[in-house]
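# Structural overview for review
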Amino acid sequence: MESLKTTTIPQLEAPAATARPTAPPASAAVGLATILLVDSVDINRQLIKGILKFGPYRILEARQPNEAFQLLEQADVDLIIADLVMPEISNDMQGGLEFCRRVKANRRTRLVPILILTSVQGNNNVIASLESGADEFLIKPLQPAVFRTRIRTMLRSKRTLDSLEEAETIIFAMAETVEQRDKETGHHCQRLAALSVALGTALGLPEDDLLALYRGGYLHDIGKIAIPDSILFKRGVLNEEEWLVMRSHTLKGEAICRRMRSLAPVLPIIRNHHEKWDGSGYPDGLAGEQIPLLARILQLADIYDALTSRRSYKSAFSADEAVAMLQKEAAMNWRDPELVSVFVEMVRQPNFVAHSAALFAPDPAHSDLSSREAAELQTMRESLARMSREVLK
Ligand SMILES: [Fe+2]
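Overview of the structure. Here the structure is a predicted model, which means the values were calculated and not measured.

Next up on the list: the overall build of the chain. Check the secondary structure of the chain and you find 16 helices and five strands. Counting across all 393 residues of the chain, residues that qualify as buried make up 33%. Taking the contacts inside the chain whose residues are at least 6 apart along the sequence as the reference set, 64% of them involve residues at least 24 apart.

Below, the structure written as structure tokens:
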């Protein structure tokens with residue numbers, strides 16, 4: 001049960017249409033959930049504030065979607081309550097749907113739950129709202145008790161998500177520490193994530209697998225955090241005992257990430273990214289298709305990126321040289337030959353390497369690409385989609 005001891009609505013007047021809305025300082029609302037109301041009708045916002053006035057909430061108000069986006073930039077919002085009707089976005093009575101899509105497309109706000117309100121009856125509205133990213137839907141007139149309960153439930157889920165996100169953030173920070181220990185690898189994880197997702201896309205894998213590949217790019221070597229520098233950075237050949245320790249990074253990495261249920265799809269990548277097609281790899285000696293597909297994908301990306309990057313002990317190989325080496329490893333029965341063929345076809349696309357890191361930016365419209373680069377990127381995305389259809393035939 002949430003505390004009702006504080007009346008917390010700040011004296012925040014809805015801003016004039018031309019003024020930039022500002023969120024009151026978060027320091028004045030420590031421990032309070034921040035709710036953003038988006039509704040062009042003053043009386044509607046007053047009504048909602050009245051229903052929520054005894055809750056532990058800091059309430060922000062926006063008359064228009066653009067004001068809401070400005071407030072979302074400034075404040076850490078825990079919940080959005082928005083009216084389905086937003087004529088500033090669309091005249092078809094469903095601007096709220098587009099609003100939801102934009103909130104969910106932004107990496108910063110995608111996890112903020114949205115409650116859509118409307119006075120228009122009809123299942124179609126409910127379905128369309130949920131499909132556009134809204135988390136809940138209520139029809140007016142509001143029943144205050146139901147409304148308050150719904151708000152509390154949504155905020156409870158948001159708090160759970162926040163704590164999961166925090167735990168994930170810590171694990172990713174650990175992975176970054178591993179990467180930074182090795183000054184030579186540069187942005188290896190970032191490139192690896194992009195290359196792996198590109199190959200996954202070319203294979204037509206579902207979005208969950210692509211997300212696992214993306215995360216695997218960062219987390220696959222997290223177990224190296226437990227490997228002593230004397231072994232990790234040893235110049236020269238490792239002895240048998242040192243090899244055993246080095247190889248254990250796969251199992252140690254899996255053990256670190258196993259505690260987070262959301263990382264379950266990434267575990268096979270972490271554990272099995274050093275297996276070989278002929279069964280001579282580690283840690284399990286898996287062969288052929290016993291090796292999880294996502295681990296095989298990441299492995300190819302890992303090898304290709306290592307070959308095409310400069311290290312203190314070698315210069316960077318060209319894309320053609322790296323491809324030739326991958327094909328040689330496939331011929332030696334170390335790598336999945338079909339996967340190598342798709343990978344080679346993919347990296348040979350014009351400008352693929354130059355743009356691979358930007359390929360999966362969530363919103364290319366807001367990236368720093370020039371219009372020419374954006375057009376090339378679009379062509380490449382279409383080409384990958386075509387390839388995916390070919391592979392799936
Ligand atoms: Fe590794």
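Having seen it, we continue.
The next subject is helix H1 (residues 42-52). Of the positions making up H1, those classed as buried are Arg45, Ile48 and Leu52. One side of H1 holds all its buried residues, which, seen down the axis, span an arc of 65 degrees. Structural note: H1 exposes Asp42, Ile43 and Gly50 on the side pointing more than 90 degrees away from its buried face.

Here we take up the sheet that holds strand S4 (residues 114-118). Strand order in the open sheet made by the five strands is S2-S1-S3-S4-S5, with parallel pairing throughout. The open sheet terminates on both sides in strands that have one partner only, identified here as strand S2 (57-62) and strand S5 (136-139). For this sheet, the mean inter-axis angle between neighbouring strands, taken without regard to orientation, is 20 degrees. Two elements, S4 and S5, share four bridges in a ladder whose sense is parallel. The residue of S5 that forms the bridge with leucine 117 is leucine 138. Contacts from helix H2 (residues 65-74) reach strand S1 (33-38) and S2, with the element oriented near 160 degrees to S1.

Contact pair helix H12 (residues 293-308) / helix H14 (residues 337-347): the axes reach a minimum separation of 11 Å and the direction vectors enclose 50 degrees. It follows from the interaxial angle that H12 and H14 lie oblique. Crossing of H12 over H14 shows right-handed handedness. For the pair H12 and H14, the contacting residues are Arg296, Ile297, Leu300 and Tyr304 in the first and Leu339, Val340, Phe343 and Val347 in the second. When its residues are assigned to classes, the contact of H12 with H14 shows seven nonpolar, no polar and one charged.

What follows covers the nonpolar core. By size, the foremost hydrophobic cluster in this structure holds 41 residues, and its most contacted members are Leu199, Cys257, Val266, Leu298, Leu300, Ala301 and Leu326. Among the elements of the structure, helix H5 (144-181), helix H6 (188-202), helix H7 (207-219), helix H11 (267-272), H12, helix H13 (319-331) and H14 are those that each provide at least two residues to this core. A total of nine residues in this core trace back to one element, the largest contributor, which is H6. Setting aside residues up to four positions removed in sequence, cysteine 257 forms contacts with Ile171, Leu219, Ile222, Leu263, Val266, Leu267 and Ile270.

A negative phi angle is the norm for most residues apart from glycine, just as the trans form is the norm for most peptide bonds. Omega for the peptide link from lysine 140 to proline 141 comes to 5 degrees, which places this bond in the cis form. Residue position: proline 141 is located in the loop between S5 and H5. Tyrosine 282 connects to proline 283 through a cis peptide bond whose omega is 5 degrees. Assignment of secondary structure puts proline 283 in the loop between H11 and H12.

In terms of burial, S4 is a largely internal element, four of the five residues being buried. In this sheet, S4 lies alongside strand S3 (residues 79-83) in parallel orientation, the contact comprising four bridges. Bridge assignment links isoleucine 81 to a residue of S4, and that residue is leucine 115. In this view, the connection linking S4 to its parallel neighbour S5 by way of helix H4 (residues 123-131) has right-handed handedness.

It is worth spelling out the environment of threonine 250 at this point. Mapped onto the elements, threonine 250 comes out in helix H10 (residues 249-258). Take threonine 250: there are 25 C-beta atoms within 10 Å of it, and that puts it in the buried class. A sequence separation of 20 residues divides threonine 250 from isoleucine 270, and the C-alpha atoms of the two residues are 5.8 Å apart. Residue contacts for threonine 250: discarding those within four places in its chain leaves Gly223, Ile270, Arg271, His273, His274, Tyr282 and Pro283.

Our next topic: the packing of H6 against H14. Relative to each other, H6 and H14 sit at 110 degrees, their axes nearing to 10 Å. By the angle between their directions, the pair H6 and H14 is classed as roughly perpendicular. Counting all contacts with H6, which are made through Ala198, Leu199 and Ala202, the residues of H14 involved are Val342, Phe343 and Met346. Split into classes, the residues belonging to the contact of H6 with H14 amount to six nonpolar, no polar and no charged.

Calculation criteria
Each chain carries its own residue numbering, running from 1 in the direction its sequence is written. Confidence filtering applies because this is a predicted model: local features only for residues at pLDDT of at least 70, side-chain atom pairs given and counted only at 80 or more, and all residues used for totals across whole chains, interfaces and linings. Per the convention used, a helix needs a DSSP run of H or I reaching at least four residues, while a strand needs a run of E reaching at least two, with both numbered from the N terminus. Comment: burial labels come from other C-beta atoms within 10 Å of the residue's own C-beta, placed from the backbone, where a count of 20 or more is buried, 12 or fewer is exposed, and between is partly exposed. Once C-beta atoms have been placed from the backbone, residue pairs whose C-beta atoms lie within 7 Å are recorded as contacts. Relevant arc is that of directions from the helix axis to the C-beta atoms, nothing else. Two strands pair if DSSP finds at least two bridges between them. Note on definitions: angles span 0 to 180 degrees between N-to-C directions of axes, and those axes are lines fitted to C-alpha atoms, for helices only across the stretch in contact. Convention used here: angles under 35 degrees read as roughly parallel, angles over 145 as roughly antiparallel, angles from 65 to 115 as roughly perpendicular, and any remaining angle as oblique. For a crossing to be left-handed, the near helix must be turned anticlockwise from the far one by less than a right angle; the clockwise case is right-handed. The classification used treats Ala, Val, Leu, Ile, Met, Phe, Trp, Tyr, Cys and Pro as nonpolar, Asp, Glu, Lys and Arg as charged, and all other residues, Gly among them, as polar. Working definition: the nonpolar core is a set of buried Ala, Val, Leu, Ile, Met, Phe, Trp, Tyr and Cys residues, joined through C-beta atoms within 7 Å. Place the viewer so that the strands point away; then a crossover is right-handed whenever the path from the first strand over the helix to the second strand goes clockwise.

Note that all results are geometric; they support no functional claim without further evidence.
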